[in-house]
Amino acid sequence: MTASARTREAGLSVTRLDVKQATGSSLHRFQVGESLRLPVESAMSDCRRQWNREDELPVYLAGPISTGPNQRKSFGMFSSVEGAFESKTIDFDNYAVGRKGSRTPRSGSRERLLDTGEPVGKTPSEGREGSPSHPPGERDDGRPGVETRCSAGKEILTTQGLNSERLLIKGGRVVNDDQSLYADVYIEDGLIKYLQSMIIPLSFPHPYVIEANGRMVIPGGIDVDTCFMKPFLGTQPVDDFLQGTKAALAGGTTMIIDHVSPQPGDSLLEAFERWQEAADKKACCDYSLHVDIPQWNESVKDELELLVQEKGINSFQVYMAYKDLYQMSDSELYEAFSFLKQLGAVVLVHAENGDLIAQEQRKILGMGITGPEGHPLSRPEELEAEAVFRAITLGNRVNCPIYITKVMSKSAADTITQARRKGCLVFGEAITASLATDGSHYWSKNWAKAAAYVTSPPLSPDPTTPDHLHTLLACGDLQVVGSAHCTYSTSQKAIGKDDFTLIPEGTNGVEERMGFVWDKAVAMGKMDENQFVAVTSTNAAKIFNLYPRKGRIAVGSDADIVIWDPDSVKTISAKLQQSAGEYNIFEGLECRGGPALVLSQGQVVYEEGKLQVQQGTGRFIPRKHFPDLAYQRVKFRNQVKGKQGVIRGMYDGPVYDVVPTPKYITPSPSAKTSPTSHQPPPIRNLHQSNFSLSGAQIDDNMPRRSGHRIVAPPGGRSNITSLG
Amino acid sequence: MMSERRCSPEDDCSSLLSRLGSDSPRPRMKYGGMFCSVEGAFENKTLNFESFSPQTQRRRAARTRSDKKNYSKREGDRLIVKGGKIVNDDQSFYADVYIEDGTIKQMGENLIIPSGVRTVDAYGQLVIPGGIDANTNLQAPQKGLNPTDDFYQGTRAAVSGGTTTIMDHVLVEPGMSLLSAFDQWRDTAEQRACCDFSLHLDITRWHDGLYEELETLVKDKGVNSFLFFMAYKDKYQSSDSQLYEAFWVLRDLGAIAQVHAENGDIIDEEQKKLLCLGITGPEGHVLSHPEEVETEAVYRAVTIAKQANCPLYVTKVMSKSAADVIAKARKKGMVVYGEPITAGLATDGSHYWSKDWATAAAFVMSPPLNPDPSTPQYLTALLACGDLQVTSSAQASFSTAQKAVGKDDFTLIPEGTNGIEERMSVVWDRAVCTGKMDENEFVAVTSTNAAKLFNMYPRKGRIAVGSDADIVVWNPKETRTVSAKTHNLTVEVNILEGLEFRGVASVVISGGRVVLEDGKLNVTEGSGRFIPRKAFPDAVYKRIRARSKMAEARGVPRGNYDGPVHDVISMTKSVPPTPTSRGPPCPKTLTGSRNLHQSGFTLAGSQVDDHIPRRSTQRIVAPPGGRSNITSLS
């Protein structure tokens, strides 16, 4: 009660201040501390406008804030992020009681920060509120300079009634990755504007109040690994961006990062634009994109640079599997890693040894095994672990952060664990399927069922794998939970009915992702709710530089919020799911915990089992390069790791004479040598012994007893005669 | 003459080995431990002395018959080693050893021996089986340079250090015939070597066409180990696929796969980078061959070998982490062996930063010596506990003038260090004297294990009746200081210069002849015999065989899938033709066909599976031929 009184008082005082500002100058900066809590219309517009400016430069993403007055000590594994604790909602006294005193330095630091921030161009794309008059398809995502943003006042005032959604979540327990606390969350225009215990609804005009009744309020999940458009032999997954994001929202995931999968030879840029266009039309939740690099060559470099610098992509996937298709050799990987490191991008690695897989596949087909069980047989766990090890070695050599997608087996996970223990920069992602089920189903008598589980790397047949992966997630050795959602219908899977290598790879999981982590880790006591938030949302946001816009409930963050019901129990079934796939690999499994209500961009999109989504409302979220979590250490290591030669005098002794031998180019490692007929002629270097003993030599004084061996008959001894 | 000589050891060996122990009255119980599952390993051991002493006459009668057929250069050499403590890998005991015709004829106390036998006094000393150096390069040229120490110089040094058998690597240049290379090597070695030798083959470019040659080598020529390179990009390096195929073939032939484990791709990139940085000295070598590159390759090799179910022998384990990978793999049950070398056990890689170019260059070898000074102790510890099995020398000496070829570019420095002479002393000093290892283990890692792995056991690697008379009288008390001045190699630098080692071979008997006594070498050029090795060494292949039987994958018998099948557009990627792909080895393969006739799907009439809710079926109803990619993406 007293708190609310103070709030109102403060609000008034701030109003004055803001009016002054609004009238005073054109230089409007969004000031989290003040304008967020303005309950007055004018202030609303003010902050609206400022937020539009923010689209060009979101204050919390803009860069380091070093001088916050109550900056907390860094601790824990993810806390070294610069500025991560700014603008957090922990210092309530700062807002409630001691606010006046502490506000000035805070806002001061913000001003400074904005001034030092980069001017234009790095734009998080505008959401619905920015371009209400445009049909969704025409939105110019991420493009700066839309007129409504700079011009203040009028236009926004007219439109704000339509768009600003005011929501108040009351009485919930806000769970972030670092702490949980009871607080009310006030949301406006798709952003969290206010986070405090006991917000009196009266102080805000017409909010829509949601009573959380003590349930958990968590940041919406981020699914970093989906493939909603990945083509396979010309067919597309049955879950496109619409179906897929619907399923995601129904499961409490409010943001997805999809893989752009160009084919070898395609332009990355074009592929990216195709994906973005499709997603803009269809996606119901915010999305971002990874770009897969199907092959490495010079022309790719320019496109990568463009994607990073201008398109807001900071993560690229490379493949160590799919021989003769996507696979890169170690040399190419080394080059790719080096290049991506310069760009400040995160390297995603699909880690499997493609050479060996190709061999095993041939062998197994040769044995007459054509069913889906051939898939795990040809991709044993060791090959995954080996490739993970190699990827980490390469990453470590290049000093580049590595992100292993789809960690499916214990040994691969352990490899990552050990590497992290040695200080390697590597992140690991477990996926829904590997966390909730195992690979025993590949041996199902039902072909359709067995085929539904086909994904790469395959699910490990070891039934203790899910448990182990959950344990590693809980202790932080694995960091992220993705879904690798890529659903094909049974008829599509049946393309490979006579040859398991042709079965399109992918399982569902986007909808079940959060639920199973809760069920298998939190409900089992392995993980607490904060770690749950970390692995399902916050860590991903940090690694891919979405933080703190996503992945946290804090003032200024996007209003992607889930009210989580830990007690709900549901039985997974293909009949009840949002995904369009006709087979659910978790069919019949019970899952405790699920979203009771999902807010995406401040809109209620899911409530009590009902989805209310609008196609095309998802925005593309660009991501800056050099995410702190991944790159801060890299920067330091770069400085430390310089190599130096030894300064010596010149060697002035005798030097042996060498005839340059012709050099052969071995075929690239993924390649195999051709059969004998293609063998190059033997290098029996007959000119090798051009050593002459005539005359005095420079090195006659040197004792070189072996010199006499060089005196061979000219032309050397022939092989054939010496056989006799 | 020569061919005759070459045949004879084989005959000798086969008769010798086949007869071994067959009439032993009391075969001992077998027990666990790493090398004890060898068939017949405990037959005919020298525990049951009474069975030999009284009946010697009968046995000798049996032997002399076969001996008559044998031509032996060592005729007439009769020796008795008296008073020493016989040390084998499993036990030590006091006994005299009587040697005749190059083999051990009797063991025990109070032997009945003919008169006029020369006596070697071994009182207070150890009598151990002669060392086996499983990795030498006495003839393999590098960048056109021949090692300064050839078979004569090298084996001479080996003998002086207590090693009586060497296994040399035949480097087959890409495109060269394996057989001709082998014959050439063997020929040279038979003319020059002063001790018995055997040969590994280094295969630098694998292709299917090698199969027949490999088969000949394994079945007829007595070679059962082949080395592959994972380093030396664009020169010797084999890809994973090649390794897999080769391992598969070797497994079928019963041979052992050896790898030089370093990731050549990364090394290549690192070398380029370092040269760009202006680092051209020998320190660039170690900087461009970091430890993890070795570790990674070992891990990969182990994985490939596991997949192919082929025994793997990692040559030159130089770093802690690589050794750890091997130890872990062994703990998981993989059949993998690791070999540390003299240099790795005795010194470390700090010398690469020496201000003296010649010193620094002398240490250049691949994988390089590890700069971590605790590496030698660590490797010794693993050797002692059995995680690493064999010590070798990786001897390949190049003179300073030869090394100076790379004076402006470290990548051109010929790689190799000495160590053939100091090997046994180093192990004794670093492992036995420090208390890490007992004398039996010392014998195991310097001799017996190698003999077992490469199927020379019990002819080599053991002091037992019937074994070759390769015997060393080891003086554990004496010390020796290593110096290039006093060593028996021709190379002018010794990387162990100035180090003092306890434990010296005081007498060496090779093939029944005393070749080292009182510090004097008395070797004969060309006295070394080629030791053929049979395929399927028991120590290695017993497990492999059992696993091959177990590991057969089986398919799941299912009814035919009769549901709808999605239409696949014809033009869509049939696996893009790459220059790299080549004829598959398996007869039955997917022939890249995209089976256009696969979609037997029709919507007419009722379907078997009409009752199954299949919501996505409507997606199949696409225009015939399917939607093209381009339109569907817009």
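From a predicted model like this one, the values you see are computed outputs, not experimental measurements.

### Describing the overall build of chain B
Per the secondary structure count, chain B includes 19 helices and 18 strands. Residue pairs at least 24 apart in sequence account for 77% of intrachain contacts in chain B once pairs closer than 6 positions are excluded. Summed over its atoms, the accessible surface of chain B is roughly 22700 Å², and 52% of this surface lies on carbon and sulfur atoms.

### Looking at the UniProt feature "domain: Amidohydrolase-related" (unreviewed entry) in chain A
When the UniProt feature table is mapped onto this chain numbering, "domain: Amidohydrolase-related" (unreviewed entry) sits at residues 216–605 of chain A. Split by type, residues 216–605 of chain A is 39% helix and 18% strand. Its first and last C-alpha atoms lie 17 Å apart.

### What about the confidence of the model for chain B?
Residues and elements named next belong to chain B. Looking at chain B as a whole, the pLDDT averages 81, with 77% of positions reaching at least 70. Segment residues 598–602: pLDDT under 50, and 11 contacts once partners within four positions in sequence are set aside and those in other chains are kept. In the predicted complex, the global pTM is 0.74; the interface-specific ipTM is 0.74.

### Considering the domain arrangement of chain A
Residue and element names in this part refer to chain A. The assigned domain composition of chain A is domain 1 (166–217) and domain 2 (219–592 + 612–637). Computed over C-alpha atoms only, the centres of domain 1 and domain 2 are separated by 32 Å. Between domain 1 and domain 2, the buried area comes to about 1800 Å², and carbon and sulfur atoms account for 59% of it. When the buried surface of domain 1 facing domain 2 is broken down by residue, D177, I192 and M216 rank first, second and third, together holding 38% of it.

### Examining the sheet that holds strand β11 (residues 225–229) of chain B
Residue and element names in this part refer to chain B. The parallel open sheet is built from 7 strands, whose spatial order is β8-β9-β10-β11-β12-β13-β14. Edge positions in the sheet fall to β8 (131–136) and β14 (336–338), since each has one partner strand and no second. The sheet shows a mean angle of 25° between the axes of neighbouring strands, taken without regard to direction. Where β8 and strand β9 (residues 163–172) come together, 4 bridges link them in parallel fashion. Paired with D133 across the bridge in β9 is I166. Relative to the sheet, helix α16 (residues 423–432) contacts β8 and β9, its axis offset from that of β8 by approximately 110°.

### Focus on the side chain of Q242(B)
All names here are of chain B. With respect to the element layout, Q242 can be found in helix α7 (residues 240–253). For Q242, a relative accessible area of 4% corresponds to the buried category. For Q242, the side chain forms a polar contact with the main-chain oxygen of W206, separated by 3.5 Å.

### Quick notes on the UniProt feature "domain: Amidohydrolase-related" (unreviewed entry) in chain B
According to UniProt, the feature "domain: Amidohydrolase-related" (unreviewed entry) maps to residues 127–514 of chain B in the numbering used here. Between the C-alpha atoms that bound residues 127–514 of chain B the distance is 14 Å, and the span itself is 39% helix and 17% strand.

### A look at unusual backbone geometry
Here S456(A) and P457(A) are connected by a cis peptide whose omega angle stands at -15°. Looking along the chain, the bond that leaves Y457(B) and enters P458(B) is cis, with omega of 0°. Notably, Y322(A) is not glycine yet its phi reads approximately 60°, a positive angle. Tracing the backbone shows Y322(A) in the loop between β9 (315–319) and α11 (330–343). Overall, Y322(A) belongs to the buried group, its relative accessible area being 16%. With phi around 50°, Q601(A) is a residue other than glycine that occupies positive phi space.

### Here we look at the packing of aromatic side chains
Going through the model one piece at a time under the given rule, you end up with 32 aromatic pairs over all chains. When the ring of F151(B) is compared with that of F197(B), the centres are 6.2 Å apart and the planes differ by 50°; the resulting orientation is tilted. Of the two residues, F151(B) sits in helix α4 (residues 151–160) while F197(B) sits in strand β10 (residues 196–203), which places them 46 residues apart along the sequence. The burial state of F151(B) is the same as that of F197(B); both residues are buried. Ring centres 5.1 Å apart and planes at 65° place the aromatic pair Y313(B) and F454(B) in the edge-to-face group. Of this pair, Y313(B) sits in strand β13 (residues 312–314) while F454(B) sits in the loop between α17 (439–453) and β15 (471–481), and the two are 141 residues apart along the sequence. As far as burial versus exposure is concerned, Y313(B) and F454(B) are alike and both buried. Put simply, the rings of F228(A), F241(A), F272(A), Y287(A) and F620(A) pair up and form one aromatic cluster. Just above the ring of Y547(A) sits the side chain of K542(A); from NZ or CZ to the centre is 5.0 Å. Taking NZ or CZ as reference, K452(B) lies 5.0 Å from the ring centre of Y457(B), over its face.

Rules used in this analysis
- Residues numbered from 1 in each chain as written.
- Chains lettered and ligands numbered in written order.
- Predicted model: local features only at pLDDT ≥ 70, side-chain atom pairs only at ≥ 80, totals over all residues.
- Heavy atoms only, no water.
- Helix = DSSP H or I, 4+ residues; strand = E, 2+ residues; numbered from the N terminus.
- Contact = heavy atoms within 4.5 Å.
- Areas by Shrake-Rupley, 256 points an atom, 1.4 Å probe, with all protein chains shown as cover.
- UniProt positions renumbered as here; feature names shortened; annotations may be inferred.
- pLDDT = per-residue confidence, 0-100.
- Domains from an automatic or database assignment.
- Buried area = accessible area lost by both parts, 1.4 Å probe.
- Pairing = 2+ DSSP bridges.
- Axes fitted to C-alpha atoms, helices over the stretch in contact; angles between N-to-C directions.
- Buried < 20%, exposed > 50% of the residue type's maximum accessible area, 1.4 Å probe, protein only.
- Polar contact = N/O pair within 3.5 Å; in protein donor to acceptor, adjacent residues only side chain to side chain.
- Phe/Tyr/Trp six-rings, centres within 6.5 Å; stacked < 30°, edge-to-face > 60°.
- Lys NZ or Arg CZ within 6 Å of the ring centre and 35° of its normal.

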